[in-house]
Amino acid sequence: MEFLRPATWEEALAAKADVPGAVPLQGGTDVMVEINFDVRRPAALLDLGAITSLSDWEVAADGRVRVGAAVPYARIITELGDRLPGLAQASRTVGSPQIRNRGSVGGNLGAASPAGDSHPPLLAGDAVIEAESAAGGVRMIPADTFYTGVKRNALRPDELIRAFWMSPATGPQYFSKVGTRNAMVIAVCSFAVALHPRERRAGTGLGSAAPTPRRARAAEDFLAAELDWDGAAPLTGPLLARFGELAAEAASPIDDVRGTAAYRRHAVAVMARRTLGWAWNDYRERVASCA
Amino acid sequence: MRVNLTVNGRAETADGVWEGESLLYVLRERLGLPGSKNACEQGECGSCTVYLDGLPVCACLVAAGQAEGREVRTVEGLADGDRLDPVQEAFVECGAVQCGFCTPGLVVQAHDLLERVPEPSDPEIREALAGNLCRCTGYEKIMDAVRLAAARKAAR
């Protein structure tokens, strides 16, 4: 096994092109577990730790936030909680403080586990993943086409994830996760909702409820048609129930050690209702305070 | 490969390091610092918690090569010579140490909490220590120890 330590992004892209089997290493919270347990012996480890730009975020000219792939969860919580509240909430549920100091959204995207906590808010918030290769240059991949299978993503063998882009929240965003304890838990299933009042629509994201993280598109269409954006009337029971049903229908979960498919479907419906309820209550308060 | 790093203020060099080796292995087996414990090797138990450039991390999840040129502070580096850190002192006095396996990780994590939050609430203590497992104490004595250490540090 080789240990590659590129000093610059260009060197990293060159190394990934030379050794496509090289596994990018940042926080190590996924990769090192596999190496410690001898389930993976990659040709090389590509340590991205020296590339400081990956740990920066900025507000781009178009107003979107561009967040480096290596910005750890701890900093997303403290530095981006106001702009990306759904992602910050999800980040708070990742592992422990030690894990949140190291783990990053870039790592979550690279691993592409259906249970990764950052995926549902990235989907609900229409994130775009910036990938790059020495030969192909920069490629912008919308989150909802990024996940291609269980622990598989749309990256080409010579590509690395450089950043993700997301618009700052213009409405309330919530994340919810079911697990068997408060800390250090892999989601049994999770759900994110983001209200986009200017566009009169809502985004959703399901985690650990299908082979890939995915949006509940029928549920989103239903909300776009039914939500009373101008009057901000309270949500009715039937509307919430229908939203929960449509969210659950978007799931195609499996039975496994963490939960049954039936339980996951039920939990997705419950989390969908609750997160939408919380988000809509916040929205109503904002509308009332602006009136 | 060779890894150069600073551990508890001292420049150290480890030779013959395997590329997939963890920082934890380097600390324990190559540098003779067995304070950080090797328990789960998957970041679940927190027993190997050390400071890496000032942030607490699980040493089992840091590749040795990633520590090149960095500063590591282990539980051995918290005491001032023979004088224990207030967190260490409080753990001993409160009976928060039983088999001792989880203790170094809990001490480092509690030390970091009190550096950032001098007077933590109980929920803050619980959240800070949520990644550290102890199978002996039931955590109540650990809570007592962190509260005592906070009070002593505040009184200084």
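Residues numbered from 1 in each chain as written. Chains lettered and ligands numbered in written order. Predicted model: local features only at pLDDT ≥ 70, side-chain atom pairs only at ≥ 80, totals over all residues. Heavy atoms only, no water.

1. Quick notes on the environment of Leu227 of chain A
Residue and element names in this part refer to chain A. The condition that has to hold: A run of H or I in DSSP becomes a helix once it reaches four residues, and a run of E becomes a strand once it reaches two; helices and strands are each numbered from the N terminus. In this analysis, two residues are considered to be in contact whenever any of their non-hydrogen atoms come within 4.5 Å of each other.
Tracing the chain through its elements places Leu227 in the loop between α9 (217-226) and α10 (237-250). Residues Leu227 and Arg201, spaced 26 residues apart in sequence, show a C-alpha to C-alpha distance of 8.2 Å. In this view, Leu227 contacts Leu195, Leu235 and Trp280; residues no more than four positions away in its chain are not counted.

2. Side note on helix α1 (residues 23-30) of chain B
Residues and elements named next belong to chain B. Heads up, the condition is: Three labels apply to residues, based on accessible area from a 1.4 Å probe with only protein chains included: buried if under 20% of the type maximum, exposed if over 50%, partly exposed otherwise in between.
Along α1, the residues that are buried comprise Leu23, Leu24, Val26 and Leu27. At its buried positions, α1 is contacted by β1 (3-7), β2 (10-14), β3 (49-52) and β5 (71-73). A positive backbone phi angle near 65° is found at Gly32, which sits one or two residues after α1.

3. Description of the pattern of salt bridges
Applicable threshold: Put simply, a salt bridge is a Lys or Arg side-chain nitrogen that is within 4 Å of an Asp or Glu carboxyl oxygen.
Inspection of the entire model under this criterion finds 33 salt bridges over all chains. Across the salt bridge formed by Arg200 of chain A and Asp230 of chain A, the nearest N and O atoms sit 2.5 Å from each other. Highlighted residues: Arg200 of chain A in the loop between β12 (189-196) and β13 (201-207) and Asp230 of chain A in the loop between α9 and α10, separated in sequence by 30 residues. Arg70 of chain B is the salt-bridge partner of Asp53 of chain B, the closest N and O atoms lying 3.0 Å from each other.

4. Considering the nonpolar core
Spelled out, the test is: The nonpolar core is taken to be a set of buried Ala, Val, Leu, Ile, Met, Phe, Trp, Tyr and Cys residues, with the residues joined through side-chain atoms within 4.5 Å.
Counting residues in each nonpolar core, the largest one holds 59 residues, and the members touching the most others are Leu122 and Phe164 of chain A together with Leu23 and Leu27 of chain B. Once residues within four sequence positions are removed from consideration, Leu23 of chain B is found in contact with Leu5, Val50, Ala59, Val62, Ala63, Ala64, Ala67 and Val72 of chain B. Counting residues in each nonpolar core, the second largest holds 33 residues, with Leu223, Leu239, Ala267 and Ala279 of chain A among its members.

5. As for the domain arrangement of chain A
Residue and element names in this part refer to chain A. We apply this condition: Marked domain ranges trace back to an automatic or database domain assignment. By buried area we mean the combined loss of accessible area, with a 1.4 Å probe, across both parts when two parts are placed together. Each polar contact in these results corresponds to two N or O atoms within 3.5 Å; when the atoms are within protein, one needs to be able to donate a hydrogen and the other to accept it, and residues that are neighboring in sequence are counted only if both atoms are side-chain atoms. Three classes are used, and their members are as follows: Ala, Val, Leu, Ile, Met, Phe, Trp, Tyr, Cys and Pro are nonpolar, Asp, Glu, Lys and Arg are charged, and the others, Gly among them, are polar.
Taken domain by domain, chain A consists of domain 1 (2-112 + 127-166) and domain 2 (173-290). Relative to domain 2, the C-alpha centre of domain 1 lies at a distance of 26 Å. The interface of domain 1 with domain 2 comprises 15 residues on the first partner and 11 residues on the second. A combined buried area of about 1,100 Å² lies between domain 1 and domain 2, and 58% of that area is made up of carbon and sulfur atoms. Looking only at domain 1, the three residues that lose the most surface to domain 2 are Gln89, Thr93 and Asp144, adding up to 39% of its buried area. Summed over the shared surface of domain 1 and domain 2, the result is two salt bridges. Asp144 is the partner of Arg217 in a salt bridge, and the nearest nitrogen-oxygen pair spans 2.2 Å. At the surface where domain 1 touches domain 2, the tally comes to seven residue pairs in polar contact (both at pLDDT 80 or more). Listed by contribution, the elements that provide at least two residues to the side of domain 1 that touches domain 2 are α4 (85-92) and β8 (147-149). Across the side of domain 1 that touches domain 2, the residue classes break down as seven nonpolar, seven polar and one charged.

6. Observations regarding the interface of chain A and chain B
Chain A puts 28 residues into the contact, and the matching count from chain B is 33 residues. Buried area between chain A and chain B, both sides added, is near 2,400 Å², and the carbon and sulfur share of it is 55%. Counting the surface chain A buries against chain B, the share from its top three residues, Phe3, Gln98 and Arg102 of chain A, is 26%. Salt-bridge contacts for Arg92 of chain A lead to Glu127 of chain B; the nearest nitrogen and oxygen are separated by 3.0 Å. The interface formed by chain A and chain B includes 12 residue pairs in polar contact (both at pLDDT 80 or more).

7. Some points on the UniProt feature "domain: FAD-binding PCMH-type" (unreviewed entry) in chain A
Filter applied, for reference: UniProt positions are given in the numbering used here, feature names are shortened, and annotations may be inferred rather than shown by experiment.
In the numbering used here, UniProt assigns the "domain: FAD-binding PCMH-type" (unreviewed entry) feature to residues 1-171 of chain A. Split by type, residues 1-171 of chain A is 31% helix and 25% strand. Its first and last C-alpha atoms lie 47 Å apart.

8. A look at helix α3 (residues 103-116) of chain B
Threshold: One less than the residue count of a helix, multiplied by 1.5 Å, gives the span that helix is expected to have.
A rise of 1.5 Å per residue sets the reference length of α3 of chain B, with its 14 residues, at 20 Å; its end C-alpha atoms lie 20 Å apart and thus fit the reference within 8%. The buried fraction of α3 of chain B is high, at 12 of 14 residues.

9. A closer look at the sheet that holds strand β1 (residues 2-4) of chain A
All names here are of chain A. Cut-off, in case you're wondering: Pairing between two strands requires that DSSP report at least two bridges joining them. Axis angles are defined between N-to-C directions and span 0 to 180 degrees, where every axis is a line fitted to C-alpha atoms and, for a helix, only to the segment in contact.
Taken in spatial order, the three strands make up an open sheet running β1-β3-β2, and their pairing is parallel. One side of each edge strand has no neighbouring strand; the edge strands of this open sheet are β1 and β2 (22-25). Averaged over neighbouring strand pairs, the angle between their axes works out to 25° when direction is ignored. Sheet analysis places β2 next to strand β3 (residues 44-47), joined by four bridges and oriented parallel. Within the sheet, the bridge partner assigned to Ala22 lies in β3 and is Ala44.

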